[in-house]
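# Tertiary structure, described
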Amino acid sequence: MTLPPLVPRVPHGGPTSGPFTGLDFSVNTNPFGPSPALLEVVRQADHATYPDPTYLAVRETLAGWHGVSPHRVCLSVGASDLLHRLVRAFLPAGDSLLSLHAPFGELARAATLQGAAVQVISSISGDLPPQVRLVYVGHPHNPTGHRLPRTSCRPWPKGAGLPALC
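Residues numbered from 1 in each chain as written. Predicted model: local features only at pLDDT ≥ 70, side-chain atom pairs only at ≥ 80, totals over all residues. Heavy atoms only, no water.

## Describing the overall build of the chain
Going by this rule: Only DSSP runs of H or I covering at least 4 residues are called helices, and only runs of E covering at least 2 are called strands; the numbering of each starts at the N terminus. Here's how the labels work: a residue is buried when its accessible area is under 20% of the maximum for its type, exposed when over 50%, partly exposed in between, all with a 1.4 Å probe on protein chains only. Residue contacts follow a heavy-atom distance rule, with two residues in contact if any of their heavy atoms lie within 4.5 Å.
Summing up its helical and strand segments, the chain has 4 helices and 4 strands in all. Taken from the N to the C terminus, the helices and strands of the chain come in the order α-α-α-β-α-β-β-β. The buried share of the chain, taken over its 166 residues, is 20%. In the chain, the proportion of contacts linking residues at least 24 apart, taken out of those at least 6 apart, comes to 51%.

Structure (structure tokens):
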């Protein structure tokens, strides 16, 4: 078995990215510190019991709030974690991720680590290219802010049978 080549991290914001005077939402930082309500919940939590690894109670609560089934709720430790998991689940090595505009850097990195290609397009038209197994539509696109009309967020017919990340 041969290990895949190392893929460099995707550079983005943060305290070492250069001078910036606003709030940087590209990293998981909070200039205001944790919420006092959150700190109290953590203090009151039972730390002697290992949590349910399926997070069923949380998924049921979130599913009820959104009006979907709990099996449609997936928890992660952030967008990067979720995107890496989606790529591992739906994008086989040798196939392609199709992205409307440049994808979030960690998604392209996940595809590369999986041994898949990334195809970037600037507009939606026609049929999907061959070998595409996952479609990414950043909406609104970051950092350009480009938005699709409401009717276009699912650009290809559901019958295409592909997961689409919108």
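From this point, the discussion proceeds with the structure in view.
## Section: helix α3 (residues 79–90)
Selection rule: Under the convention used throughout, the expected extent of a helix is 1.5 Å for every residue step, that is, one less than its residue count. In this description, the arc belongs to the directions extending from the helix axis to the C-beta atoms.
In this model α3 runs 16 Å from its N-terminal to its C-terminal C-alpha over 12 residues, within 8% of the 16 Å that 1.5 Å per residue would give. Those residues of α3 not exposed but buried are L83, H84 and V87. The arc that holds the buried residues of α3, viewed along the axis, is 100 degrees, so those residues lie on one side. Of the exposed residues in α3, the ones pointing more than 90 degrees away from its buried face are R88 and A89.

## A few points about the pattern of salt bridges
So the rule is basically this: Salt bridges are defined by distance alone: a side-chain nitrogen of Lys or Arg within 4 Å of a carboxyl oxygen of Asp or Glu.
By the definition in use, this model includes 4 salt bridges. A salt bridge links R85 to D81; the shortest N-O distance between them is 3.1 Å. Of this pair, R85 and D81 both sit in helix α3, 4 residues apart, which is roughly one turn of that helix. The salt bridge involving R109 is made with E106; its shortest N-O contact spans 4.0 Å. In this pair, R109 and E106 both sit in helix α4 (residues 105–114), 3 residues apart, roughly one turn of the helix.

## What to know about the side chain of D95
Defined as follows: N or O atoms within 3.5 Å of each other form a polar contact, as long as, within protein, one can give a hydrogen and the other can take it, and as long as residues adjacent in sequence are counted only when both atoms are side-chain atoms.
With respect to the helices and strands, D95 occurs in the loop between α3 and β1 (96–100). Only 2.8 Å separates the side chain of D95 from the side chain of Q131, close enough to count as a polar contact. Beyond its immediate chain neighbours, meaning those up to four positions away, D95 contacts A116, A117, Q131 and R133.

## What about the pairing of β1?
Our working definition: Strand pairing is assigned whenever DSSP identifies at least 2 bridges connecting the two strands.
Among the 5 residues of β1, 5 are classified as buried, and the element is accordingly described as predominantly covered. Two elements, β1 and strand β2 (residues 117–121), share 5 bridges in a ladder whose sense is parallel. Bridge pairing in β2 links S99 to V120.

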